[in-house]
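# Examining the three-dimensional arrangement
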Amino acid sequence: MTTAAAAPRTGAVLADLLPATRARDIALVLGGAVLTGLAAQLSVPVPGSPVPVTGQTFAALLVGTSLGARRGFLSLAVYALVGSAGMPWFSAGSSGPGGASFGYVLGMLLAATAVGALARRGGDRSVLRTAGTMVAGSVIIYAVGVPYLAVYAGMSPGAAISAGLVPFLLGDALKAALAMGALPAAWKLIGRRD
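Residues numbered from 1 in each chain as written. Predicted model: local features only at pLDDT ≥ 70, side-chain atom pairs only at ≥ 80, totals over all residues. Heavy atoms only, no water.

## Remarks on the environment of proline 97
Counted only if it meets this: The way it works is that DSSP assigns letters per residue, a run of H or I at least four long becomes a helix, a run of E at least two long becomes a strand, and they are numbered from the N terminus. Two residues form a contact once any of their heavy atoms are found within 4.5 Å.
Topologically, proline 97 is positioned in the loop between α4 (69-84) and α5 (102-120). Expressed as a C-alpha distance, the spacing of proline 97 and arginine 121, which sit 24 residues apart in the sequence, is 33 Å. The contacts of proline 97, once residues within four sequence positions are left out, are Ser84 and Phe102.

## Some thoughts on the side chain of threonine 65
Our working definition: For each residue, the accessible area found with a 1.4 Å probe, counting protein chains only, is set against the maximum for its type, and the residue is called buried under 20%, exposed over 50%, and partly exposed in between. Whenever a nitrogen or oxygen atom comes within 3.5 Å of another N or O atom, the pair is scored as a polar contact, on the condition that within protein one atom can donate a hydrogen and the other can accept it, and that pairs from neighbouring residues in sequence are kept only if both atoms are in side chains.
The residue threonine 65 is located in helix α3 (residues 56-67) in this model. In this structure threonine 65 comes out as buried when scored by relative accessible area, which is 0%. At 3.1 Å, the side chain of threonine 65 and the backbone oxygen of leucine 62 are in polar contact. With residues up to four places along the chain from it excluded, the contact list for threonine 65 reads Val13, Val115, Gly116, Ala119, Asp124, Thr133, Met134 and Leu183.

## A word on the packing of α3 against α5
For clarity, the threshold we go by: Angles shown run from 0 to 180 degrees and are taken between the N-to-C directions of axes, each axis being a line fitted to C-alpha atoms and, for helices, limited to the stretch in contact. Throughout, a crossing is termed right-handed when the near helix is turned clockwise from the far one, and left-handed when it is turned anticlockwise from it by less than a right angle. Gly falls in the polar group here, along with every residue not listed as nonpolar (Ala, Val, Leu, Ile, Met, Phe, Trp, Tyr, Cys, Pro) or charged (Asp, Glu, Lys, Arg).
The N-to-C vectors of α3 and α5 enclose an angle of 35°; their axes lie 7 Å apart at closest approach. Between α3 and α5 lies a crossing of right-handed hand. Of the residues in α5, those touching α3 at Gln56, Thr57, Ala60, Leu61, Gly64, Thr65 and Leu67 are Val105, Met108, Ala111, Ala112, Val115, Gly116, Ala119 and Arg120. Split into classes, the residues belonging to the contact of α3 with α5 amount to nine nonpolar, five polar and one charged.

## Some points on the nonpolar core
As a reminder of what qualifies: For this analysis, a nonpolar core means a set of buried residues of the types Ala, Val, Leu, Ile, Met, Phe, Trp, Tyr and Cys, connected via side-chain atoms within 4.5 Å.
Counting 42 residues, the largest nonpolar core has Leu76, Tyr79 and Tyr104 as the members making the most contacts within it. Considering each element in turn, this core owes the most residues, nine residues, to α5. When residues no more than four places from it in sequence are discounted, the contact partners of tyrosine 104 are Val51, Ile141, Tyr142, Gly145, Val146, Leu149 and Gly164.

Structural data, given as structure tokens:
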């Protein structure tokens, strides 16, 4: 490992600690897409909602913060495009564009980009910063997903919020708590917090 790879520079994300090569970036982008697809299979139906609780939102936010904005965007773009093309790795093994949950997938693409940019500015280095980063990412996911759900399902805005936001807040808080412990701990483990 080179010195540049061993010592993170200001503005680095966790992925930057690996030796910089094109093969690394391709592997990280594809790995992030696969992680998100696998996490989407952890799917629990929510009574009264066409949208299940899944692990994919946590994976998307983790991919963005760990890989940075560009690689995070590309990972979620690969995930969205391959799933839209027929790979059964959207929630509960579904695929194809559309569906009640597809707006959340689009929101995750934007959220991974945003949290990746925040991570480059130290948004994953402390518990409080990580909490803010995860909240920002979740807000972006819902800002796209809930209106999409309303249009797709013909729901009123209030009904879409009740079915596509409220049931997920506790789970998102738990996912954020996991990230708040894991990401700062990873930086502490390597001896860098900025």
